[in-house]
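Each chain is listed here by its residues.
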Amino acid sequence: MTTRIGIADPAWEYRTLKADIDAAVEGVLASGQYVGGPEVQGLEKEFAEFAHAAHAVAVGSGTDALRFALTAAGVTAGDDVVTSPMTFIATTEAISQAGARPVFADIDPRSFNLDPARLEKALTPRTRAIVPVYLYGQTADMDPIRDLARRRGLVVVEDACQAHGALYRGKPAGTLGEVGCFSFYPTKNLGACGEGGMVTTDRADIADRVRRLRDHGQVEKYRHVEEGYNGRLDAIQAAILRIKLRRLAAWNERRRELAARYRAGLEPVAGLVLPAEMPWARHVYHLFAVRFPGRDKVREALRERGIDTGMHYPVPLHLQEAYASMRLGEGSFPEAERAAR
């Protein structure tokens, strides 16, 4: 019988670290401190050091990270925020939930990230922020994006939810704009045993506001200076993530080694387009996304051989029913549409 190779196996990390994770979870359960406390504070300190950021604030999910970061960076009702149509809907949900309007710019077909050459045309008089999405494990080309943001007085909020440990010209993802956002969904390079997220920033004012927003707008117990959310990370997830964070650099290096093996083995396949590691990037290969004209036939052939594959993303956001009111039809963003096909 053929052993099935799944698209992901988050439980592998638990099997590998079972003794340490079990001890950490038991420690939290015995402490009685399940929300906030030393495990969350410890994770925030250690993740800030990992990301080379002055502040890291733990939150309940990557979506929370994006929503709180946008609000804390000054995005509000009536603003436009430019991002990529080639991403998970959480990116644009967060923009809408901050009160702003998502606006799309097309992608670079090599990296699948926002194309700086197409970005300026997407700006409007109401544009307040740019959200570059670091798809599949590498950053967008940030120097021209940041230069444009500076010229136009815009905020840059990094969606680094797939790029834990990625570098841009030697500088870590999450420190390339005013604020960075990470997801700890179980299949990410750094994954929780549930939901979780992190906001990184060098600005104390942004960090302080994210702390308030995640905790019902409180600055101290029962003193609310604004309405907020219940967006806190629980202590059990923080304890598990602290254990995994110590291994993340080595795990990322192992991903790079495996990507190199895939690349060497697959380069001879005619018509197969492999992931491009851009000259500015240190890719951490959250996914190894390839392009092939006969995609569906290849997926079926692999499935018959016990090898699962996935598609990211089969429908770009501007063609999703949720955004039908934008009236952006086929041809609006040809590179994103081509990648999705």
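Residues numbered from 1 in each chain as written. Predicted model: local features only at pLDDT ≥ 70, side-chain atom pairs only at ≥ 80, totals over all residues. Heavy atoms only, no water.

### Let's talk about the pattern of salt bridges
Taken as a whole and assessed by the stated rule, the structure comprises 31 salt bridges. For the salt bridge of Arg 67 with Asp 64, the shortest nitrogen-to-oxygen distance reads 2.6 Å. Here Arg 67 and its partner Asp 64 are both found in helix 4 (residues 62–72), three residues apart, which amounts to about one turn of the helix. Each member of the pair, Arg 67 as well as Asp 64, carries the same accessibility label: buried. Residues participating in the shared-partner salt-bridge network are Glu 39, Glu 46 and Arg 242. (Salt bridge = Lys/Arg side-chain N within 4 Å of Asp/Glu carboxyl O. Helix = DSSP H or I, 4+ residues; strand = E, 2+ residues; numbered from the N terminus. Buried < 20%, exposed > 50% of the residue type's maximum accessible area, 1.4 Å probe, protein only.)

### What about the sheet that holds strand 8 (residues 179–183)?
Strand order in this open sheet of seven strands is 1-9-8-5-4-2-3, and the pairing throughout is mixed. Bordering the open sheet on either side are strand 1 (55–59) and strand 3 (101–104), each of which pairs with just one other strand. Strand-to-strand twist in this sheet, taken as the mean axis angle between neighbours without regard to direction, amounts to 25°. Relative to strand 3, strand 2 (residues 80–83) runs parallel, the two sharing four bridges. (Pairing = 2+ DSSP bridges. Axes fitted to C-alpha atoms, helices over the stretch in contact; angles between N-to-C directions.)

### Quick word on the nonpolar core
Counting 44 residues, the largest nonpolar core has Phe 47, Leu 119, Tyr 134, Met 142 and Met 198 as its most contacted members. If you list the elements that add at least two residues to this core, you get helix 3 (38–51), strand 1, helix 6 (116–122), helix 7 (142–152) and helix 9 (235–266). Here this core gets five residues from one element, more than from any other, and that element is helix 3. Beyond its immediate chain neighbours, meaning those up to four positions away, Phe 47 contacts Ala 56, Phe 182, Phe 184, Leu 190, Met 198, Thr 200 and Leu 245. Of all hydrophobic cores here, the second largest spans 27 residues; its members include Val 59, Ala 100, Val 155 and Ala 207. (Core = buried A, V, L, I, M, F, W, Y, C linked by side-chain atoms within 4.5 Å. Contact = heavy atoms within 4.5 Å.)

### Observations regarding unusual backbone geometry
Cis geometry is adopted by the peptide bond preceding Tyr 313, which originates at His 312 and carries an omega value of -5°. Position of Tyr 313 among the secondary structure elements: in the loop between helix 10 (295–304) and helix 11 (334–340). With phi around 70°, Phe 112 is a residue other than glycine that occupies positive phi space. On the basis of relative accessibility, which here comes to 8%, the residue Phe 112 falls in the buried class. Unlike most non-glycine residues, Tyr 285 shows phi in positive territory, near 50°. Its relative accessible area of 6% is what places Tyr 285 among the buried residues.

### Here we look at the pairing of strand 5 (residues 155–159)
The side chains of a regular strand alternate between the sheet's two faces. For strand 5, the tally of buried residues reaches five of five residues, placing the bulk of the element in the interior. Side chains Val 155, Val 157 and Asp 159 project from strand 5 onto one buried face, and the interleaved Val 156 and Glu 158 project onto a second face that is buried too. Each parallel crossover has a hand, and the one from strand 4 (residues 127–131) via helix 7 to strand 5 is right-handed. Inspection of the sheet shows strand 5 paired to strand 8 by three bridges, in the parallel sense. Bridge pairing in strand 8 places Val 157 opposite Val 179. (Right-handed = clockwise from strand over helix to strand, strands pointing away.)

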